[in-house]
Amino acid sequence: MSAWPQLDLTDVATFPSRRVEAWKYSDLRRVLKEAPQPSASAALTGPGPFCDLGGEAIVFVNGVAVGVDAFVASGEQTLRLRFVSDAVETGHSTGVRVSARAGAKLLLLESHEGHGSTYVAHNRLTLDVAAGAEVTRIVLVEEPEDAISVTEAQVKVAPGGRYRQTIVATGGKLQRLETQVAHGGQGADVRLDGLYALTGARQTDMTTVVDHLAADGQTSQLTKGVVRDTARGVFQGKIVVERGADGTDARMGHHALILGERAEVDAKPELIIYADDVQCAHGNTVGNLDESALFYMQQRGIPADEARALLTQAFLIEVVDRIEHDEAREVVRSWLTAKL
Amino acid sequence: MTAMLSIQNLHVSVGDKPILRGLTLDVPAGEVHAIMGPNGAGKSTLGYALSGRPGYEATEGSVDWNGESLLDLDPAARAAGGVFLSFQYPIEIPGVPALTFVRTALNAQRRARGEDEVTAPAFLKLVKAASAALKMDFDMLKRPLNVGFSGGEKKRMEILQMALLEPSLLILDETDSGLDIDALRIVSEGVNALRSPDRAMLVITHYQRLLDYIKPDRVHVLAAGRIVASGGPELALQLEAEGYDKYLPQAA
């Protein structure tokens, strides 16, 4: 988000506060008053949630690459991108560049695996999707409740490219998952989905900015979340249709369930349209479980708690069902089911 | 024969508004009783109060079912105890396939009664037989419950659940609404197949038409929150001919 300088964990002056509009619901300055000491190196633990799907791997542990830190896909490939944190009260940053050449089909399986506590992680991903390439990025984020993390993805989708993204997160003390897409149009097709399930005092912030730069691009977004206890879910979705980007078709939906009296959801959908001939729509709902459905289920003998769990899962699973890759979808489904 | 369902002096308010005002009714096992009445008489409220819908709690009176006080139980416990309410407008549940829903319900009831759960293959066999009897397309049951179903399909889905859950107290709330004659016949056959000496049925309906297919042993008129008249099946025909006017509260 343009006006604010790039976040740098070593420089407290770059930590945005809520006075920066784009960070209104994720006040980094408030939770991070000074620059954290740099994290020490640590050993890699665990295989990561996507290990069964094989493919290549890029692994960072506390910001340090174990092996390569960049990847270029050609042909059909799977890349597991693992951001592992294992630190206490220290901070670390990573930067990684992934690109998919023309005609490539890349399955990018990203995991944020948090161990330790009260760490600060900052991850930057630059992703290039060439004309005629297809990238599916699936992100599972599991961090300690007191961890702070900011993940920024800059995605450039060339004309005619295809990009699919699904981020699933359980929150942290402050957890920002930002995606910026430069949309090349001309048949380029982008899907940005998100899912959050938050308990306790956790927070997650799913922020997306899609900039339609040329005509005939498509964007479809569906984010769903459930918040309990005193958790807070944030969805900021901005779609910009630039002058000349006629024929753009952009749809954004965000739907949340608030299942705790002190839980909160902040949603800010924005459509900014400078072109004339476009189709844009957004829908945003925040509510509770349907009382009549709950009663119906109980009337058939399903106890109240089980009925609530079933309805909540059914609500969220729509996002998972949109994942086209069968094996990846099943990994996400079991991962999510275990969390609910 | 001892009464299975015994409702004594039942009072239910919805919000601040009294709807049922001292309703008393006995339904013995093996019998089908029809509850007829004008709009706003409290027919649907009776179904909700018996099944335990939040917001429809009794303020006075008692409901005994097989000697147990129903009003002390939560809705799921009542269901496990045999109470089944067929909804006038069955609820759509997106994201939960009909098969999953019914199996979850059946196993929850069995657990509550201390019985073993039904295995997946055994359940599938039960469902296939029951759906064939109701002339239902089995593939429909793989879809989310009631989502995109026609009015007739939703009612068949209710009867299918009834056949699988095998309740002992059946409450049918306006089961004929939204059904054409063919669907009405199939649904009624499904209900009639469940008639048995150890089951009681309450058939709530505004029109007599349904009672041509599901023949009641007794007919009760519910008006202004009370049973104001009771009789044999001929009472339904009389109501059809004369209307409910004489049971409506007199204008002041």
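Scoring rules and cut-offs
- Residues numbered from 1 in each chain as written.
- Chains lettered and ligands numbered in written order.
- Predicted model: local features only at pLDDT ≥ 70, side-chain atom pairs only at ≥ 80, totals over all residues.
- Helix = DSSP H or I, 4+ residues; strand = E, 2+ residues; numbered from the N terminus.
- Rg over C-alpha atoms; globule rule 2.2 N^0.38 Å.
- Buried ≥ 20, exposed ≤ 12 C-beta atoms within 10 Å, placed from the backbone.
- Contact = placed C-beta atoms within 7 Å.
- Pairing = 2+ DSSP bridges.
- Axes fitted to C-alpha atoms, helices over the stretch in contact; angles between N-to-C directions.
- pLDDT = per-residue confidence, 0-100.
- Nonpolar A, V, L, I, M, F, W, Y, C, P; charged D, E, K, R; others polar.
- Core = buried A, V, L, I, M, F, W, Y, C linked by C-beta atoms within 7 Å.
- Parallel < 35°, antiparallel > 145°, perpendicular 65-115°, else oblique.
- Left-handed = near helix turned anticlockwise from the far one by under 90°.

### Describing the overall build of chain A
Right, on to step 1. Of the regular secondary structure elements, chain A holds four helices and 19 strands.
Right, on to step 2. The C-alpha atoms of chain A give 20 Å as radius of gyration, which agrees with the globular expectation for 340 residues (20 Å, within 12%).
Right, on to step 3. Considering only C-alpha atoms, chain A reaches an extent of 55 × 55 × 45 Å along its principal axes.
Right, on to step 4. Burial status across chain A gives 48% buried among its 340 residues.
Right, on to step 5. Here the contacts in chain A between residues at least 6 apart in sequence split such that 80% fall between residues at least 24 apart.

### A closer look at the sheet that holds strand β11 (residues 162–169) of chain A
Residues and elements named next belong to chain A.
Right, on to step 1. One open sheet accounts for 10 strands, arranged β3-β2-β5-β7-β9-β11-β13-β15-β17-β19; its pairing is mixed. Only two strands of the sheet have a single partner each, and these edge strands are β3 (64–66) and β19 (279–287). Direction aside, neighbouring strands of the sheet carry axes that sit 10 degrees apart on average.
Right, on to step 2. Judged from the three bridges that link them, strand β2 (residues 56–61) and β3 form a sheet pairing that is antiparallel. By the bridge assignment, Val-61 is partnered in β3 with Val-64.
Right, on to step 3. Across the face of the sheet, helix α3 (residues 304–321) comes into contact with β11, β13 (189–198), β15 (218–227) and β17 (249–258) while running at roughly 155 degrees to β15.
Right, on to step 4. Here helix α4 (residues 326–339) sits on the sheet and contacts β7 (105–117), β9 (134–142), β11 and β13; the angle it forms with β9, its principal contact strand, is near 20 degrees.

### What to know about the confidence of the model for chain B
Caution is warranted with low-pLDDT regions, since their predicted coordinates should not be read in detail.
Right, on to step 1. Of the residues in chain B, 97% reach a pLDDT of 70 or more, and the chain-wide mean stands at 92.
Right, on to step 2. ipTM for the predicted complex: 0.95, alongside a pTM of 0.87.

### A closer look at the interface of chain B and chain A
Size of an interface, as often reported, equals the accessible area lost when the parts are brought together.
Right, on to step 1. Contacts between chain B and chain A engage 21 residues on the former and 17 residues on the latter.
Right, on to step 2. Counting only elements with at least two residues in the side of chain B that touches chain A, the list comes to α2 (75–80), β7 (93–97), α3 (98–112) and α5 (151–165) of chain B.
Right, on to step 3. With five residues, α3(B) is the single largest residue contributor to the side of chain B that touches chain A.
Right, on to step 4. Of the residues contributing to the side of chain B that touches chain A, the split by class is 15 nonpolar, five polar and one charged.

### Description of the sheet that holds strand β6 (residues 83–86) of chain B
Residues and elements named next belong to chain B.
Right, on to step 1. Ordered in space as β6-β9-β10-β3-β11-β12, the six strands form an open sheet in which the pairing is mixed. Edge positions in the sheet fall to β6 and β12 (226–231), since each of these pairs with one other strand and no more. For this sheet, the mean inter-axis angle between neighbouring strands, taken without regard to orientation, is 20 degrees.

### Focus on the nonpolar core
When a protein is soluble and globular, its nonpolar side chains tend to lie buried together.
Right, on to step 1. Counting residues in each nonpolar core, the largest one holds 146 residues, and the members touching the most others are A:Val129, B:Ala49, B:Ile171 and B:Val203.
Right, on to step 2. Contact partners of B:Ala49, with chain neighbours within four places excluded, come to B:Leu10, B:Val12, B:Leu20, B:Tyr56 and B:Ala58.
Right, on to step 3. A:Leu9, A:Phe15, A:Leu28 and A:Phe83 belong to the second largest nonpolar core, which has 15 residues in total.

### Remarks on the environment of A:Cys280
All names here are of chain A.
Right, on to step 1. Its place among the elements puts Cys-280 in strand β19.
Right, on to step 2. For Cys-280, a count of 17 C-beta atoms within 10 Å corresponds to the partly exposed category.
Right, on to step 3. Placed 82 residues apart in sequence, Cys-280 and Leu-198 show a C-alpha to C-alpha distance of 30 Å.
Right, on to step 4. Once you skip the residues sitting within four places of it in the chain, Cys-280 turns out to touch Ile-239, Val-241, Ala-250, Leu-271 and Ile-273.

### Regarding the packing of helix α2 (residues 291–299) of chain A against α3(A)
Residue and element names in this part refer to chain A.
Right, on to step 1. Contact geometry of α2 with α3 gives a least axis separation of 9 Å together with a crossing angle of 125 degrees. Regarding the angle of α2 to α3, the classification is oblique. The way α2 lies across α3 gives a crossing that is right-handed. Contacts between α2 and α3 involve Ala-293, Leu-294, Met-297 and Gln-298 from the first element and Ala-304, Ala-307, Arg-308, Leu-310 and Leu-311 from the second.
Right, on to step 2. Tallied by class, residues from the contact of α2 with α3 come to seven nonpolar, one polar and one charged.

### Description of the packing of helix α4 (residues 120–133) of chain B against α5(B)
Residues and elements named next belong to chain B.
Right, on to step 1. Where α4 meets α5, the closest approach of the two axes is 10 Å, and the angle between their N-to-C directions is 135 degrees. Viewed along their axes, α4 and α5 adopt a mutual orientation that is oblique. The handedness of the crossing between α4 and α5 is right-handed. Counting all contacts with α4, which are made through Leu-126, Val-127, Ala-130 and Ser-131, the residues of α5 involved are Leu-160, Ala-163 and Leu-164.

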